[in-house]
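What the coordinates show
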Protein chains: 2
Amino acid sequence: MKLSTRGRYGLKAMFDLAMNYGEGPISLTSIAERQYISVNYLEQLISPLRKANLVKSVRGAQGGYMLAKPPSEITVGAILTTLEGPLAPTDCVVEYGEDELCDHSRYCVTKVIYEKIYESITSVVNSITLQHMLDDYESNRPADVVDAICVCK
Amino acid sequence: MKLSTRGRYGLKAMFDLAMNYGEGPISLTSIAERQYISVNYLEQLISPLRKANLVKSVRGAQGGYMLAKPPSEITVGAILTTLEGPLAPTDCVVEYGEDELCDHSRYCVTKVIYEKIYESITSVVNSITLQHMLDDYESNRPADVVDAICVCK
DNA sequence: TTAATCCCTAGTCATTTACTAAGAAATCAT
DNA sequence: ATGATTTCTTAGTAAATGACTAGGGATTAA
């Protein structure tokens, strides 16, 4: 039940972009340095975020990335689900249609539980935006703390 | 963010035991047959459940397993955490003391989010007992449905 | 005494994770 | 125009994890 580095690094990168919102394109190299992430790996994470229309890119020298919308319009849920897939504890709560995994799923007592877990996770992450994170960063930290995000992987 | 088969199979097995609560020891072989799980694998899952005092065993012929407490006193959370470890999206919300992962964790804006996810998951699974599942099974299924749990893995 | 059962450990195969590497395409600055 | 800088894409890989299988010892009812 752990998030992978994809989601965690992606969220860090998006928060970094949020802190630099409105300041033109930010290069992946600079994000990678600030957040201690490999550039090559970060490139693989930013790609789906761009396709999901959460960031936009400017190519060429002095290019980079910026948020595609204001921080208040980008939820943590949108970021995490683009990088991790649905935040569901099982496939059965999420896969519909063609190849339904299980005949009895309509009356499955465990599926009910997994759906509740799914809903509670979704509800949390969809209610938090990058703007909330920025506000949280400004209000909660002591004056002498400059780092906004753990260095941890 | 998926549960592994350990948690899912373990929950199925525990629900099976709950359905047979008060009827003496139930053999792993019979549980495995009903729930379509390999006996060898199930043995590896029941072992930690026994050590966590959620089931007790009777050895020898005609032996088997039974719930160590009434279904109303066994939560889904206890079962899942025994088999999966803490239902946390990251290690950083759960590891304390000796080797703290990160210096800045006290003011980490992403850690706050992971803690909220952790709390919401914990709150859901700790509020559901095996008795709730039994009640759900009895009340919600149509008369012609006999299976309580998906066959799905 | 035998069959059934719990109990424990080791091994294995496939998948996933977390990257590294490398090169093509675009664009700015000179 | 050229070179430096940057995005973009794909392929490969080493380590870890997941999901088992296999086998044998210990215990007990019949």
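Above: the structure in question.
Model, not experiment: these values are computed from the prediction.

The rules behind the values
Residues numbered from 1 in each chain as written. Chains lettered and ligands numbered in written order. Predicted model: local features only at pLDDT ≥ 70, side-chain atom pairs only at ≥ 80, totals over all residues. Heavy atoms only, no water. Near = heavy atom within 4 Å. Polar contact = N/O pair within 3.5 Å; in protein donor to acceptor, adjacent residues only side chain to side chain. Helix = DSSP H or I, 4+ residues; strand = E, 2+ residues; numbered from the N terminus. Buried < 20%, exposed > 50% of the residue type's maximum accessible area, 1.4 Å probe, protein only. Pairing = 2+ DSSP bridges. Expected span 1.5 Å × (residues − 1). Contact = heavy atoms within 4.5 Å. Least-squares fit on C-alpha atoms with pLDDT ≥ 70 in both. Axes fitted to C-alpha atoms, helices over the stretch in contact; angles between N-to-C directions. Parallel < 35°, antiparallel > 145°, perpendicular 65-115°, else oblique. Left-handed = near helix turned anticlockwise from the far one by under 90°. Nonpolar A, V, L, I, M, F, W, Y, C, P; charged D, E, K, R; others polar. Buried area = accessible area lost by both parts, 1.4 Å probe. Salt bridge = Lys/Arg side-chain N within 4 Å of Asp/Glu carboxyl O.

Near DNA strand D, the surroundings consist of 28 residues, among which Arg50(A), Ser57(A), Tyr65(A), Ser38(B) and Gln44(B) are the closest. Atoms of DNA strand D within 4 Å of the protein belong to the sugar or the phosphate in 62% of instances, the rest to bases. Here a phosphate oxygen of DNA strand D and a backbone polar atom of Leu28(A) are 2.9 Å apart. The contact in question runs from a phosphate oxygen of DNA strand D to an N or O atom on the side chain of Thr5(B), over 3.0 Å. Elements with a minimum of two residues in the surface near DNA strand D: helix H3 (39–51), strand S1 (55–58) and strand S2 (64–67) of chain A together with helix H1 (5–19) and helix H3 (39–51) of chain B.

In this section: unusual backbone geometry. Both trends apply: most residues other than glycine have a negative phi, and most peptide bonds are in trans. The phi angle at Gln62(A) is positive, at roughly 60°, despite the residue not being glycine. With respect to the element layout, Gln62(A) can be found in the loop between S1 and S2. A positive phi angle, near 55°, is found at Tyr36(B), a position not held by glycine. Position of Tyr36(B) among the secondary structure elements: in the loop between helix H2 (28–35) and H3. Tyr36(B) gets classed as exposed once you look at its relative accessible area, which sits at 60%.

Let us now look at the pairing of strand S2 (residues 64–67) of chain B. Residue and element names in this part refer to chain B. Relative to S2, strand S1 (residues 55–58) runs antiparallel, the two being bridged by four bridges. By the bridge assignment, Ser57 is partnered in S2 with Tyr65. A loop of five residues connects S1 with S2, the two strands running antiparallel in sequence, and Gly60 in this loop sits at a positive phi of about 85°.

Before going further, it helps to spend a moment on helix H5 (residues 109–126) of chain B. Side chains of residues three or four places apart in an α-helix project in the same direction, reflecting 3.6 residues per turn. Counted at 1.5 Å a residue, the expected span for H5(B) with its 18 residues is 26 Å, and the 26 Å between its end C-alpha atoms agrees. On its buried side, H5(B) packs onto helix H1 (5–19), helix H4 (76–84), helix H5 (109–127) and helix H6 (130–140) of chain A together with helix H4 (76–84) of chain B.

This brings us to the relation of the copies chain B and chain A. Each copy of the sequence occupies a distinct position, and chain B is placed on chain A by a rotation of 180° and an axial shift of 0.0 Å, giving an RMSD of 0.0 Å. Put plainly, the chains are arranged around a two-fold axis. By C-alpha distance to the rotation axis, the residue of chain B lying nearest is Met1(B), at 2.2 Å. Here 100% of the contact residues of chain B are again contact residues in chain A; the copies associate through an equivalent surface.

On to the packing of H1(A) against H5(B). One can describe the packing of H1(A) onto H5(B) by two numbers: an axis separation of 10 Å at closest approach and a directional angle of 130°. In terms of orientation, H1(A) and H5(B) fall into the oblique class. Regarding H1(A) and H5(B), the two cross each other, and that crossing is right-handed. Residues Arg8(A), Leu11(A) and Phe15(A) of H1(A) pack against Val109(B), Thr110(B), Ile113(B) and Tyr114(B) of H5(B). Per-class residue counts for the contact of H1(A) with H5(B) are five nonpolar, one polar and one charged.

Bringing the environment of Leu80(A) into the picture now. One can find Leu80(A) in helix H4. A C-alpha to C-alpha distance of 8.8 Å links Leu80(A) and Leu3(A), two positions 77 residues apart in sequence.

Contacts between chain B and chain A engage 46 residues on the former and 46 residues on the latter. The junction of chain B with chain A conceals about 4100 Å² of combined surface from both sides, 75% of it contributed by carbon and sulfur atoms. Looking only at chain B, the three residues that lose the most surface to chain A are Met1(B), Lys2(B) and Val109(B), adding up to 18% of its buried area. Across the chain B-chain A interface, the total number found is two salt bridges. Counting across the interface, chain B meets chain A through seven residue pairs in polar contact (both at pLDDT 80 or more). Counting only elements with at least two residues in the side of chain B that touches chain A, the list comes to H1, H4, H5 and helix H6 (130–140) of chain B. Of the residues contributing to the side of chain B that touches chain A, the split by class is 32 nonpolar, six polar and eight charged.

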